[in-house]
Amino acid sequence: MSYYIINGGHRLEGAVSVGGAKNAALAIIPAAILCGEPCVIENLPYIDDVRVMTELLSQIGAKTEFSSNGVLCIDPSGINNVCVTFDMVNSLRASYYLLGALLGRYGHAEVSFPGGCPIGQRPIDQHIKGFKALGAEVEIENGIVKAKADKLVGSEIYLDIASVGATINIMLAAARADGITIINNAAKEPYIVDVANFLNMMGASVKGAGTDIIRINGRKQLHGCNYAIIPDQMEAGTFMIAAAATGGDVIINNVIPAHLDAISAKLMETGATVREGNDGRDFYVRVSSSRRLRSVNIKTLPYPGFPTDLQQPMMALLSTAEGTSLVMETMFEERFNHVNGLNRMGANISVSSRTALVQGVKRLMGAQLQVTDLRAGAALVIAAMMADGKSKVENIHYIDRGYEHFEHKLCGLGADIVRLG
Ligand code: EPZ
């Protein structure tokens, strides 16, 4: 199994470019099933989760061609199987989008119960609630979610939780339903807007994405299209945090600054400098810090609040900030798996239920570290770059799922990191 060797103490400096948004890509690729015609999707991140999702579609009969420059040509017209029960489904949380897409196109879908990062229970009751409201029969048998509908009919749905996955999944099924579907208490993350834009490019009628009420007027037929994914706000945020945490000065190119407001504000609260700009082609943010950062309190919330996916990288930064920080994780019940590794490095963090108390220490020391999930991996790599001495970071396949060319991009900024094994 691959691992990183990281020698800490190097400031990150220079410029890095952000790839396409993982959580938009993992919804838009299966969404192409709905039109049944060839689509070209650009600016996809070259990450394992995208490769797995693409492989799942080809396993059920779609023609796919994914190139390392992030362009996927997909022709779903040859899909001949609505049962997606392969082992690889277990690693991919986003495999649940195949339910909404296959149900929307064929009126039938059977997908293994989704897996994903071990950060909590991650039920899909709101997804099922939405499919049933559209007229589908849904049952879970031997770990397989089976959904069937003679006809999907538009309906008004009120989500108990502003779930990103449920909002997108219901949008997918509703795009081909008869009549109008209204999703109340919808999630507002940027990827929701990106998926809605893709659906509309295919001829769907989705209005209100990005607000908490989304209105979908179902279409009998959709058509193929070309589309480019938005930049990844979590990859951008991870590099922003890494720049500040190492006392560096980094320009992060190809961003949508508005998507980064919460993380920019929080970094400025710690005393880091965050500037936005446009080089005539791309928007960028520039993050620098030259002194010991201040402790701050974090409470993760749905967009536009502080994103749960950056809670873990931010905690690495806070572990050497001056003072005590309170980190409240409101979105997932087990998203503190990185704390053990940080404390092994000399951090002073105590956890009680969904709250972590981070008492800033002067320095971290390198250690042998085990990654447990995608964003915990980013947190431990940032901590290893901050620390004195050498760290070995194992189980980095979790990182490969969501960060493209991670060590190459960090090396380009002056980090001393190598992949071995
Ligand atoms: C998506 O997960 C992202 N994953 C997550 O990113 C992200 O952290 C999360 O949204 C929140 O922004 C993908 O897009 C593939 P939710 P998802 O449904 O859809 C509960 C990363 O690191 N819930 O908004 O699973 C759920 O348990 C990953 O890139 C229900 O109770 O998130 C959680 O507590 C990690 N019932 C909360 O809602 C449901 O039916 C938010 O979940 C659905 C969700």
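This write-up is about the structure you can find in this document. (Residues numbered from 1 in each chain as written. Predicted model: local features only at pLDDT ≥ 70, side-chain atom pairs only at ≥ 80, totals over all residues. Heavy atoms only, no water.)

1. Thoughts on the packing of aromatic side chains
Inspection of the entire model under this criterion finds five aromatic pairs. Consider the rings of Tyr96 and Tyr97, whose centres lie 4.7 Å apart with planes at 75°: the pair is edge-to-face. Judged by its relative accessible area of 3%, Tyr97 falls in the buried class. Cation over ring: Arg51 sits above Tyr46, and NZ or CZ is 4.4 Å from the ring centre. In this arrangement the basic side chain of Lys392 is found over the ring face of Tyr3, its NZ or CZ atom lying 4.4 Å from the centre. (Phe/Tyr/Trp six-rings, centres within 6.5 Å; stacked < 30°, edge-to-face > 60°. Buried < 20%, exposed > 50% of the residue type's maximum accessible area, 1.4 Å probe, protein only. Lys NZ or Arg CZ within 6 Å of the ring centre and 35° of its normal.)

2. A closer look at helix H7 (residues 233-245)
Taking 1.5 Å per residue as the helical rise, H7 with its 13 residues ought to reach 18 Å, and the 18 Å between its terminal C-alpha atoms agrees with that figure. Of all 13 residues making up H7, 13 are buried, and the element is well covered by its neighbours. Structurally, the start of H7 carries an N-cap: the backbone nitrogen of Met234 is 2.7 Å from a side-chain oxygen of Asp232. Once H7 ends, the next one or two residues include Gly247, with phi positive near 65°. (Helix = DSSP H or I, 4+ residues; strand = E, 2+ residues; numbered from the N terminus. Expected span 1.5 Å × (residues − 1). Polar contact = N/O pair within 3.5 Å; in protein donor to acceptor, adjacent residues only side chain to side chain.)

3. Here's the deal with the site of the ligand
The immediate surroundings of the ligand are formed by 23 residues, with Tyr96, Gln126, Ser163, Asp309 and Met331 found nearest. Take Tyr96: an N or O atom from its side chain is 2.7 Å from an oxygen atom of the ligand. Residue Asp125 places a side-chain N or O atom 2.8 Å away from a nitrogen atom belonging to the ligand. Computed on the free molecule, the ligand has an accessible area of 820 Å², of which 94% lies beneath the protein chains in the complex. Within the residue set of the shell around the ligand, elements represented by two or more residues are helix H1 (22-31), helix H4 (125-133), helix H5 (164-174) and helix H11 (374-386). (Near = heavy atom within 4 Å. Areas by Shrake-Rupley, 256 points an atom, 1.4 Å probe, with all protein chains shown as cover.)

4. Points about H5
Since there are 3.6 residues in each turn of an α-helix, residues three or four apart along the chain are aligned in direction. Counting buried positions along H5 yields ten of eleven residues, so the element is predominantly enclosed. For H5, every residue scored as buried is listed here: Gly165, Ala166, Thr167, Ile168, Asn169, Ile170, Met171, Leu172, Ala173 and Ala174. Sitting at the amino-terminal end of H5 is Ser163, which places a side-chain oxygen 3.4 Å from the backbone nitrogen of Gly165.

5. Remarks on the sheet that holds strand S9 (residues 144-148)
Reading across the sheet, the four strands line up as S6-S7-S9-S8 and stay open at both edges, with mixed pairing between neighbours. Edge positions in the sheet fall to strand S6 (83-84) and strand S8 (137-141), since each has one partner strand and no second. Across five bridges, the pairing between strand S7 (residues 108-112) and S9 is antiparallel. When the bridges of S9 are listed, Glu110 appears paired with Lys146. (Pairing = 2+ DSSP bridges.)

6. Structural notes on the packing of H1 against helix H3 (residues 97-106)
One can describe the packing of H1 onto H3 by two numbers: an axis separation of 9 Å at closest approach and a directional angle of 25°. If you check the angle between H1 and H3, you find them roughly parallel. Between H1 and H3 lies a crossing of right-handed hand. Residues Leu26, Ala27 and Pro30 of H1 form the contact with H3, whose own contacting residues are Tyr97, Leu98 and Ala101. When grouped by side-chain class, the residues that make up the contact of H1 with H3 number six nonpolar, no polar and no charged. (Axes fitted to C-alpha atoms, helices over the stretch in contact; angles between N-to-C directions. Parallel < 35°, antiparallel > 145°, perpendicular 65-115°, else oblique. Left-handed = near helix turned anticlockwise from the far one by under 90°. Contact = heavy atoms within 4.5 Å. Nonpolar A, V, L, I, M, F, W, Y, C, P; charged D, E, K, R; others polar.)

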